[in-house]
Amino acid sequence: MKKWLSLLLAALMIMGTAASVSANAQTVLKFWTHANSGWNASWYEMIAAFEAENPDIKVEYTIFPYNDFEAKIQTSLIAGEVGADVYEVWGGWMLDLVDAGALSETPEEFVQVLREDAFAPVLGTLEKDGKIYGAPLEFNNEYGGILVNKRLFEEYGLPYPATWAEVVETAKLVADQDGEIMNMRGLEFAHRDGLITNYFSMILQKGGHFLEENGKLNFNTQEAAEAMSELVALIKDDRVTNLDMTFENIPGVEGHDLICIDECLMLARGPWVISECIEGYDAVLGEDIDFIPQPPFYPDSDIPQLMVSETGWSLCVPKTTQLADAAWRFIEFVYEPENLLRHNINCAQIPPRASVVNEPEYLEKMPYIAPLVALLPNAQFIGSYNTEMVKDYLVQVFGALASDDGTYASVEEALAQLTEDLDKGLKIY
């Protein structure tokens, strides 16, 4: 009996010691992202699954307000302050981070996966001198789909538009403006992201271009002038919306908020806004809101429905981390097809991997994405430059033309000045 008790006590001591060693040896991986209710919920689910499969690693997940996040990343990665081991970073920010040499290279085997399976635009800002830094989480898309207020369409007794001309006519029919106040927006497109993607896509669909071979931007073309004139007319003549979203005149309010509070009929925006409406307003897709195809601007043209795309949200690992192996284990876990599929569905994102986009479950869960998926092969990378700076300039030019404030004598003059300003001030990476 005493011998049995001694053996039991010894076994318990060994188990306790092993558990203590295991706990002490557990790696704590710091992961930083920005605040987005739907995306954050998905990350909690992903982390729990990763930790269950990798008990030697604990992920410490920290969420920052979006408006503070870029500065926090810049301070952490470029200024060298202690930060995280894995960051979720907007693709546009990657240019400075890669250029500063702040990031670890993506492991060679992982690079091979990206080269074989990722869409070209998603790697745009992650690549320098033939090397990849990080892994894209999504195919960023702000063109090709329209979020609609289904309740209002039913209330007005209107069918969904099937052509761009019908989009404009429907928007004009519903829009209601009282002086500078928009009581109802027919079509909201003039927000920063929508403005640049629609404008650049218009130029491409006209057979023009905005990128020169040296990577610089050029708007001194007939196609660029025609496209700008058409967009300006939507506000100046058709009055389908105003410049509130362009100049961010309503703090904290975006186009999808206006859809959800019945102050906007249609919004040209990426599918990510669906999760925002569901999480923020308890909207029901198919009852309160719908997501319909954005028709080509020029349906009679022989040119396909080309579009531009920025590099979207991505994961990266700082060069200074002492936990690079664990960090890449986490990222590679996220990138496993079944995990990435679940995350992209949860976040209403378009997957960065062609194989995941083509998974039957993806379109089964997100059938409204099908029209966008058909456009992915027609997507052009927007270019290796600070798109936020370009949006700043574009907003000012568009706002001046749409408000007819006398700044420019013509659209051509405005675009010539825009091209000159960007040529002087915009860094091409």
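Scroll up to find the structure.
All of the points below concern the structure found in this document. As the structure is a prediction and not an experimental result, all values here were calculated from the model.

Below, the discussion takes up the overall build of the protein chain. When helices and strands are tallied, the protein chain shows 18 helices and 14 strands. Taking 22 Å as the expected radius of gyration for a compact globule of 429 residues, we find that the protein chain reaches 24 Å, a close match to that expectation. For the protein chain, the spread of C-alpha atoms along the principal axes amounts to about 95 × 50 × 40 Å. By residue count, 52% of the 429 residues in the protein chain fall in the buried class. Pairs at least 24 apart in sequence give 74% of the contacts found in the protein chain among residues at least 6 apart. Summed over all atoms, the accessible surface of the protein chain reaches about 19000 Å², with 51% contributed by carbon and sulfur.

Quick look at the pairing of strand 2 (residues 57–64) now. In terms of strand pairing, strand 1 (residues 27–34) meets strand 2 through 8 bridges, oriented parallel. Counterpart to Phe31 in the pairing with strand 2 is Tyr61. For the crossover from strand 1 across helix 2 (residues 37–53) to strand 2, the handedness is right-handed.

All right, on to the sheet that holds strand 2 then. On the basis of which strands lie adjacent, the open sheet formed by 5 strands has the order 2-1-3-13-6 and mixed pairing. With one partner strand each, in any of the chains shown, strand 2 and strand 6 (135–136) form the two edges of the open sheet. Across 2 bridges, strand 1 lies against strand 3 (residues 86–89) in parallel orientation. Across the sheet, residue Trp32 finds its bridge partner in strand 3, namely Tyr87. Of the strands in this sheet, strand 1, strand 2, strand 3, strand 6 and strand 13 (314–316) are in contact with helix 12 (residues 324–334), which crosses strand 1 at around 55 degrees.

Bringing the side chain of Gln294 into the picture now. Positionally, Gln294 belongs in the loop between strand 11 (289–293) and strand 12 (307–309). Residue classification places Gln294 among the buried positions, given a relative accessible area of 2%. A polar atom in the side chain of Gln294 sits 2.8 Å from the side chain of Asn198. Once residues within four sequence positions are removed from consideration, Gln294 is found in contact with Tyr143, Gly144, Gly145, Ile146, Trp164, Asn198, Ala268 and Gln305.

Read across the open sheet, the 5 strands follow the order 8-9-10-7-11; overall the sheet is mixed. Every interior strand has two partners, whereas the edge strands, strand 8 (176–178) and strand 11, have only one. Strand-to-strand twist across the sheet, computed as the mean angle between neighbouring axes with direction ignored, equals 30 degrees. Looking at chain direction, strand 7 (residues 145–149) and strand 11 are connected through 5 bridges and run antiparallel. Note that in strand 11 the partner of Val148 across the bridge is Asp290.

For the rest of this paragraph, the subject is the packing of aromatic side chains. Between two aromatic rings, the relevant description is the distance of the centres plus the angle of the planes. Applying the stated criterion across every chain, the model contains 29 aromatic pairs. Aromatic pair Phe291 and Tyr368: ring centres 6.0 Å apart, planes at 75 degrees, arrangement edge-to-face. Residue Phe291 is located in strand 11, and its partner Tyr368 is located in the loop between helix 15 (360–365) and helix 16 (370–375); the two are separated by 77 residues in the primary sequence. Accessibility assignment for this pair places Phe291 and Tyr368 in one class, buried. One aromatic cluster is present, built from ring pairs that chain together Trp32, Trp39, Phe64, Tyr66, Phe69, Tyr87, Trp90, Trp93 and Trp313.

Definitions and limits used
Residues numbered from 1 in each chain as written. Predicted model: local features only at pLDDT ≥ 70, side-chain atom pairs only at ≥ 80, totals over all residues. Heavy atoms only, no water. Helix = DSSP H or I, 4+ residues; strand = E, 2+ residues; numbered from the N terminus. Rg over C-alpha atoms; globule rule 2.2 N^0.38 Å. Buried < 20%, exposed > 50% of the residue type's maximum accessible area, 1.4 Å probe, protein only. Contact = heavy atoms within 4.5 Å. Areas by Shrake-Rupley, 256 points an atom, 1.4 Å probe, with all protein chains shown as cover. Pairing = 2+ DSSP bridges. Right-handed = clockwise from strand over helix to strand, strands pointing away. Axes fitted to C-alpha atoms, helices over the stretch in contact; angles between N-to-C directions. Polar contact = N/O pair within 3.5 Å; in protein donor to acceptor, adjacent residues only side chain to side chain. Phe/Tyr/Trp six-rings, centres within 6.5 Å; stacked < 30°, edge-to-face > 60°.

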